[in-house]
Amino acid sequence: MEEGKKNEASKLSWFKGLQAEFHKIKWLDRESVGKQTIAVIIVSVILGVIIAVLDLGIQNGIDFLVNL
């Protein structure tokens, strides 16, 4: 019986500690999150285009060498 109380008390203590830690978090404001999201999307698109161009160039180069 006493072990169950200790287990329950430790769970409650863990959740209280978790709640205290969540109160310490400094969340970004909506504007910053929006700007960072747009930046990530733009960089991803640019890198995707660069990789696609490199892939196309390498593929055409290999095809040219194989068909010589």
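Placed above this text is the structure.
What counts and how
Residues numbered from 1 in each chain as written. Predicted model: local features only at pLDDT ≥ 70, side-chain atom pairs only at ≥ 80, totals over all residues. Heavy atoms only, no water. Helix = DSSP H or I, 4+ residues; strand = E, 2+ residues; numbered from the N terminus. Rg over C-alpha atoms; globule rule 2.2 N^0.38 Å. Areas by Shrake-Rupley, 256 points an atom, 1.4 Å probe, with all protein chains shown as cover. Lys, Arg positive; Asp, Glu negative; His and termini not counted. Charge placed at Lys NZ, Arg CZ, Asp CG, Glu CD. Phe/Tyr/Trp six-rings, centres within 6.5 Å; stacked < 30°, edge-to-face > 60°. Salt bridge = Lys/Arg side-chain N within 4 Å of Asp/Glu carboxyl O. Buried < 20%, exposed > 50% of the residue type's maximum accessible area, 1.4 Å probe, protein only.

(A) Representation of the overall build of the chain. For the chain, the count of helices and strands is two helices and zero strands. Since a compact globule built from 68 residues should have a radius of gyration of about 11 Å, the 27 Å found for the chain marks it as more spread out than a globular shape. A total accessible area of about 6700 Å² is found for the chain, and carbon and sulfur atoms account for 67% of it. Taking the average location of the 8 positive side-chain charges in the chain and that of its 8 negative ones, the two points are 13 Å from each other.

(B) Region of interest: the packing of aromatic side chains. Under the defined criterion, the tally for this structure stands at one aromatic pair. Between Trp-14 and Phe-15 the ring centres are 4.9 Å apart and the planes differ by 80°, which places this aromatic pair in the edge-to-face class.

(C) Inspection of the pattern of salt bridges at higher detail. Under the criterion given, the structure shown has two salt bridges. Lys-35 serves as the salt-bridge partner of Glu-31, at 3.2 Å between the closest nitrogen and oxygen. Here Glu-31 and its partner Lys-35 are both found in helix α2 (residues 30-66), four residues apart, which amounts to about one turn of the helix. Owing to a relative accessible area of 51%, Glu-31 belongs among the exposed residues under this scheme. We classify Lys-35 as exposed; its relative accessible area is 54%.

(D) Structural view of the environment of Trp-27. Locating Trp-27 in the fold gives a position in the loop between α1 (2-24) and α2. Trp-27 sits 23 residues away from Ile-50 along the chain, and the two C-alpha atoms are 34 Å apart.

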